[in-house]
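Architecture at a glance
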Amino acid sequence: MSLNSKHYASGSPFPPLQKDKVRIYSMRFCPYVERAILVAEAKKVPYEIVNCNLKQKPEWLLEKNPAGKVPTVEILEEGGGGGDSKILDESLIVADFFDEAFTQAPSLVSADPFQKATDRVWMEAFGKLSGLYFKAVYMKVDDGTLDTTLEILRKELGVYDKELHRRGSKFYGGNSTPGMLDFMIWPWIERLPNLQKLYSDKFPLDDILKEYPTFVSHIVQFESPNLFKIRLIMTILMI
């Protein structure tokens, strides 16, 4: 099943698990799911996607994860012919699991404990920027609140531009390929054009990015053909 497959809803029959694949319960437009899939691709994880309607959640998703969140990952127990499986959720946790459990590709985190911890701090801090994005897109806010939200988001982009410049590398994870931090923030960077479409006069993205040349370079590198296989194109956002 692909990212573009149908979304299962309440009353849908449960699609049988495949023994040789990790299952990622998904919603096509979810940036948190994209995190998991980017890491799965980078780590060469054999996986399948089962899309779920989050407004009419299938009963079997709630049985596996009572919170009904995505990504939820299901893995058949080794030798579990009887259907025993393991369940994980939360995108950061799923990403860490993929990185540690699948060794077909190099680790996405630094071997240096301090740098690894520093990157995790930046990942956690990015929650502020992603929260601002969702607030701007989904909430019904008056112009005053919206202006403030977009301005804070703009400044937060500058913080990440400054950090990438300080590191002096193409990616936060180094010069050769993206690391875990790159993959964890990319889904929201990829969606920034949506804010320009919604508020062209208040969030002129092209002009904003001119202020952050290092960050622009990061975007260009991430969109290069060499990374095509581990980058998702999700330009249509469900609003």
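Residues numbered from 1 in each chain as written. Predicted model: local features only at pLDDT ≥ 70, side-chain atom pairs only at ≥ 80, totals over all residues. Heavy atoms only, no water.

With that settled, consider the sheet that holds strand S5 (residues 85–89). Strand order in this open sheet of 5 strands is S1-S3-S2-S4-S5, and the pairing throughout is mixed. Every other strand in the sheet has two partners, leaving strand S1 (7–8) and S5 as the edge strands with one partner each. Sheet analysis places strand S2 (residues 22–26) next to strand S3 (residues 47–52), joined by 5 bridges and oriented parallel. Each bridged residue has a counterpart across the sheet, and for Val22 the counterpart in S3 is Tyr47. Strands in contact with helix H3 (residues 91–101) are S2, strand S4 (72–76) and S5; relative to S5, the strand with the most contacts, it is inclined by about 125°. (Pairing = 2+ DSSP bridges. Helix = DSSP H or I, 4+ residues; strand = E, 2+ residues; numbered from the N terminus. Contact = heavy atoms within 4.5 Å. Axes fitted to C-alpha atoms, helices over the stretch in contact; angles between N-to-C directions.)

Moving on, we get to the pairing of S2. Looking down a regular strand, the side chains alternate between one sheet face and the other. Within S2, 5 of the 5 residues are buried, which leaves it mostly tucked inside the rest of the structure. Both faces of S2 are covered, namely the face carrying Val22, Ile24 and Ser26 and the face carrying Arg23 and Tyr25. Handedness of the crossover is the feature at issue here: the chain leaves S2, passes through helix H1 (residues 31–42), returns alongside S3, and the resulting connection is right-handed. Across 3 bridges, the pairing between S2 and S4 is antiparallel. Counted as the bridge partner of Arg23 is Glu74 from S4. (Buried < 20%, exposed > 50% of the residue type's maximum accessible area, 1.4 Å probe, protein only. Right-handed = clockwise from strand over helix to strand, strands pointing away.)

Residues of helix H8 (residues 213–222) that are buried include every one of Thr214, Phe215, His218, Ile219 and Phe222, and no others. Each buried residue of H8 lies within a common arc of 145° when the element is viewed along its axis, so the set occupies one face. Residues Pro213 and Val220 are exposed on H8 and point more than 90 degrees away from its buried face. (Arc of directions from axis to C-beta.)

Before going further, it helps to examine the environment of Glu59. You can see Glu59 is positioned in helix H2 (residues 59–64). The class of Glu59 is partly exposed, set by a relative accessible area of 37%. Here Glu59 is in contact with Ser10 and Gly11, once residues within four sequence places are set aside. Among the polar contacts listed, one links the side chain of Glu59 to the backbone nitrogen of Gly11, at a separation of 2.9 Å. (Polar contact = N/O pair within 3.5 Å; in protein donor to acceptor, adjacent residues only side chain to side chain.)

At the junction of Val70 and Pro71, the peptide bond is cis and its omega measures out at 5° in the coordinates. Looking at the element boundaries, Pro71 is found in the loop between H2 and S4. Despite not being glycine, Glu90 shows a phi value in the positive range, around 75°. Tracing the sequence through the fold places Glu90 in the loop between S5 and H3.

S4 sits mainly inside the fold: 4 of its 5 residues count as buried. Pairing geometry for S4 and S5, over 5 bridges, is antiparallel. Among the inter-strand pairings, Leu76 is bridged to a residue of S5, identified as Ser85.

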